[in-house]
Protein chains: 2
Amino acid sequence: MMNPSLDQLETPTLLLDEARMMRNIERMRAQMQRLGVGFRPHVKTNKCLEVSRRLMTSATGPITVSTLLEADQFAAAGVKDILYAVCIAPNKLDHVLRLQAQGVRMSIILDSLEAAQAVIEKSRASAQPFEVLIEIDCDGHRSGVKPEAAELLEIGRLLQSAGLPPKGVMTHAGESYNCTGPKALQAMAEQERAAVVRAATRLRELGMACPVVSLGSTPTALSAENLQGVTEVRAGVYVFFDLVMAGIGVCAVDDIALSVLATVIGHQPEKGWTILDAGWMAMSRDRGTQKQPLDQGYGLVCDLQGQPLDDFILVGANQEHGIMASRSGRTSGLRHLPVGSQVRILPNHACPTAAAYDYYKVIDSQQRVSAHWPRFNGW
Amino acid sequence: MMNPSLDQLETPTLLLDEARMMRNIERMRAQMQRLGVGFRPHVKTNKCLEVSRRLMTSATGPITVSTLLEADQFAAAGVKDILYAVCIAPNKLDHVLRLQAQGVRMSIILDSLEAAQAVIEKSRASAQPFEVLIEIDCDGHRSGVKPEAAELLEIGRLLQSAGLPPKGVMTHAGESYNCTGPKALQAMAEQERAAVVRAATRLRELGMACPVVSLGSTPTALSAENLQGVTEVRAGVYVFFDLVMAGIGVCAVDDIALSVLATVIGHQPEKGWTILDAGWMAMSRDRGTQKQPLDQGYGLVCDLQGQPLDDFILVGANQEHGIMASRSGRTSGLRHLPVGSQVRILPNHACPTAAAYDYYKVIDSQQRVSAHWPRFNGW
């Protein structure tokens, strides 16, 4: 039997273009090879065994996760080396111990003496070690200690004195999402590298081995020219890309592998509006392109082959309604898409859009659904 | 065994305060009774059998849904009267027929001749009737035909001539979310009523019975003083309320029944930041209070009893990180919440926040978890 075509699908639904995805994966693989650095893919964007399997350098890892639910799911699938890249909350340490008891090498991160103390206490109480990385703040984006901060050394010393010397340092250049163009991205990649390498150097000067030096974000990973001193790179959104990534210049719109299939359900002709059955529940409330030079509203509207359809974007969204209109604000001379027509909408940000769905509908080069790949959402 | 206390929960997780919810339900019930009008609760906010059971006027309905997945779930639970309140896409009519075949009285809506034609064709092909309401645009918010539009009568005539006379008219004053204060809300409620009653009158003048005259939104439902000519009200978010509803003045912050439990995972003292393990994945990207007089960021931070904690809000959010800071921007003299401390965060908009979770943790008056109530997300 033939695979279903798009017009047989009820909408909204999440499409994953496998050929585009594989091209994105190959691009990152080549970049890591060129830089000669380890790769620990972040699974937070895809939250899917089938997708992650295609990113990983081996079936047992390593990977990066954003939730312990992701760790549970990948551990159950045989992954043995997992970095949980959010500063650890003391009430999650029992969960980490359960994962370790399953034979998973878990790395946790922290950026304070308070958290280090909690980890030491739990290690003593459980008579189990933890592998701890200290998070470094390379760009003022959110968490981490500054590479020159006294607290970096204090945390290192505290962990070492308790028999849990830091396994290394890690950072994430979240501010790279606010850069535009290759020059700014290269500079941010170097800033990220220099910060985390400097932190490792300071800990080593105190006699700690600090074997792991980890960094990453999709924009910096793809822009870095030299990662001297770094042992591993983390990145996740590159597997699908999205309009935010296109806006900062790390991919083309044609590289975006994820889209939401939607159907026209009405019109408001005097306003130039076409109403779709994909609102913010289907696209997410993410407006990440709002501050970029090209604001894509709630998403860029494409035809069924995934090519942009005139200059249509979602200018507004309600829970289950998307308002499609010309980016220019034109209200006349617009292409009329009859009720029942289907379109594909590219998302601003792949992570929250994908999170609204329990699975991907994987589409092949004939725009037919070749597979359903489940996701795991939540915590 | 005692019910678990909040400090035994891994975070982030979604809390539902049952006493607050029951108070909100009772308030709407009393308002509907006072107005002497039917009530068809909207289940799109809660997407939960346990919650909806407490809203419904009978175990078999009526209810309003925003997706056909909601219709499926409630049909399986014995609900027999369901309005799907998004203009019908032709590719969903087979799904509607399946629901009808299960004995559910399904009402669908449309606002165009194109959609009416598609419904007529499907009715002929399947030899099954459809109950059709015509959507009326009362405020320019999204879908619907204007009550004075020629197209209203054309759609009515087309349906009638095909043996599917319109069951009635419906409208939704989505613009009520942009009103503030009782006067503006009362005026919007009257605008909503007048528009939909006028549309019914015009259809009746052509000889159509038009028995159903349906309207609703939480703000207008709670503000209406007179609903003459209306047969039923729809509302959904009132069951939990949220910061957007508090901002427009239809509830107090203390009425908000939904919150996200989060844990402190770090600090950036020089910026006055406390980092929480609840980011936009846990809160949603909704920034509905941004245009209100009091911008609540990504949520209002409360203590474990649900009372606002100083003037802390989430000023920023990453995927799994929330940045809590003083609303005033103060960076010194702030209360220090140690790593591991828990807080409850009230959401801007209950619908997208709840959609990130597979269940509610229901908490009793002792702040203990008395039940887990599952939700159904997606389409």
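Our subject is the structure that appears above.
Residues numbered from 1 in each chain as written. Chains lettered and ligands numbered in written order. Predicted model: local features only at pLDDT ≥ 70, side-chain atom pairs only at ≥ 80, totals over all residues. Heavy atoms only, no water.

So what's going on with the side chain of R40 of chain A? Residues and values would help.
All names here are of chain A. By the secondary structure assignment, R40 is in the loop between β2 (38-39) and α2 (49-55). Classification of R40 by relative accessible area gives buried; the value is 7%. Only 3.1 Å separates the side chain of R40 from the backbone oxygen of I63, close enough to count as a polar contact. When sequence neighbours within four positions are dropped, the list of residues in contact with R40 reads P62, I63, T64, D81, I82, L83, E232, V233, R234 and A235. (Helix = DSSP H or I, 4+ residues; strand = E, 2+ residues; numbered from the N terminus. Buried < 20%, exposed > 50% of the residue type's maximum accessible area, 1.4 Å probe, protein only. Polar contact = N/O pair within 3.5 Å; in protein donor to acceptor, adjacent residues only side chain to side chain. Contact = heavy atoms within 4.5 Å.)

Summarise the relation of the copies chain A and chain B; cite the residues concerned and give the values.
Laying chain A over chain B is done by rotating through 180 degrees and shifting 0.0 Å along the axis; what remains is an RMSD of 0.0 Å. In short, the pair behaves as if placed about a two-fold rotation axis. Relative to the rotation axis, the closest C-alpha in chain A is found at R285 of chain A, a distance of 2.5 Å. A symmetric contact is evident, with 100% of the interface residues of chain A recurring at the interface of chain B. (Least-squares fit on C-alpha atoms with pLDDT ≥ 70 in both.)

Describe the sheet that holds strand β4 (residues 81-84) of chain B, with residues and values.
All names here are of chain B. Read across the sheet, eight strands follow the order β2-β9-β8-β7-β6-β5-β4-β3 without closing on themselves; strand pairing throughout is parallel. Two strands lie at the open edges of the sheet, namely β2 (38-39) and β3 (63-65), each paired on one side alone. Sheet topology note: the strand β7 (residues 168-171)/strand β8 (residues 212-215) ladder contains three bridges and is parallel. Bridging from a neighbouring strand, M170 pairs with S214 of β8. Taken strand by strand, helix α6 (residues 150-161) contacts β5 (105-110) and β6 (131-136), and its axis lies near 175 degrees from that of β6. (Pairing = 2+ DSSP bridges. Axes fitted to C-alpha atoms, helices over the stretch in contact; angles between N-to-C directions.)

Can you tell me about the interface of chain A and chain B, naming the residues and giving the values?
Taken together, the contacts link 65 residues of chain A with 65 residues of chain B. Between chain A and chain B the total buried area reaches about 4,800 Å² when both faces are included, carbon and sulfur atoms providing 50% of it. On the chain A side of the interface with chain B, the three residues burying the most area are E10, R142 and W379 of chain A, jointly 16% of the side's total. For the pair chain A and chain B, the interface holds six salt bridges. Across the salt bridge formed by E270 of chain A and K146 of chain B, the nearest N and O atoms sit 3.9 Å from each other. At the junction of chain A with chain B, the criterion picks out 32 residue pairs in polar contact (both at pLDDT 80 or more). Here the side of chain A that touches chain B takes five residues from strand β10 (residues 258-268) of chain A, the largest share from any one element. Broken down by class, the residue content of the side of chain A that touches chain B amounts to 25 nonpolar, 23 polar and 17 charged. (Buried area = accessible area lost by both parts, 1.4 Å probe. Salt bridge = Lys/Arg side-chain N within 4 Å of Asp/Glu carboxyl O. Nonpolar A, V, L, I, M, F, W, Y, C, P; charged D, E, K, R; others polar.)

How would you summarise the environment of Y298 of chain A if you had to cite specific residues and measurements?
Residue and element names in this part refer to chain A. Relative to the helices and strands, Y298 resides in the loop between α10 (280-283) and β12 (300-302). Sequence-wise, Y298 and G322 are 24 residues apart; in three dimensions their C-alpha atoms are separated by 8.2 Å. If we ignore the near neighbours within four places in the chain, the residues touching Y298 are M283, S284, R285, D286, R287, L314, G316, A317 and N348.

I'd like a description of the nonpolar core, backed by residues and values.
Residues V169, F240 and Y360 of chain A together with V169, F240 and Y360 of chain B are the most contacted members of the largest nonpolar core, which totals 266 residues. The residues contacting V169 of chain A, other than those within four sequence positions of it, are L133, I134, I136, V196, A199, A200, L203, C210, V212, V213 and S214 of chain A. (Core = buried A, V, L, I, M, F, W, Y, C linked by side-chain atoms within 4.5 Å.)

An account of α6 of chain B is needed here, citing residue identities and associated values.
All names here are of chain B. The terminal C-alpha atoms of α6 lie 17 Å apart, and with 12 residues this matches the ideal 16 Å at 1.5 Å per residue to within 8%. For α6, the complete set of buried residues consists of L152, L153, I155, G156 and L159. Taken around the axis of α6, the buried residues stretch over an arc of 160 degrees, which confines them to a single face. Residues of α6 that are buried sit in contact with β5, α5 (113-126), β6 and α7 (182-205). (Expected span 1.5 Å × (residues − 1). Arc of directions from axis to C-beta.)

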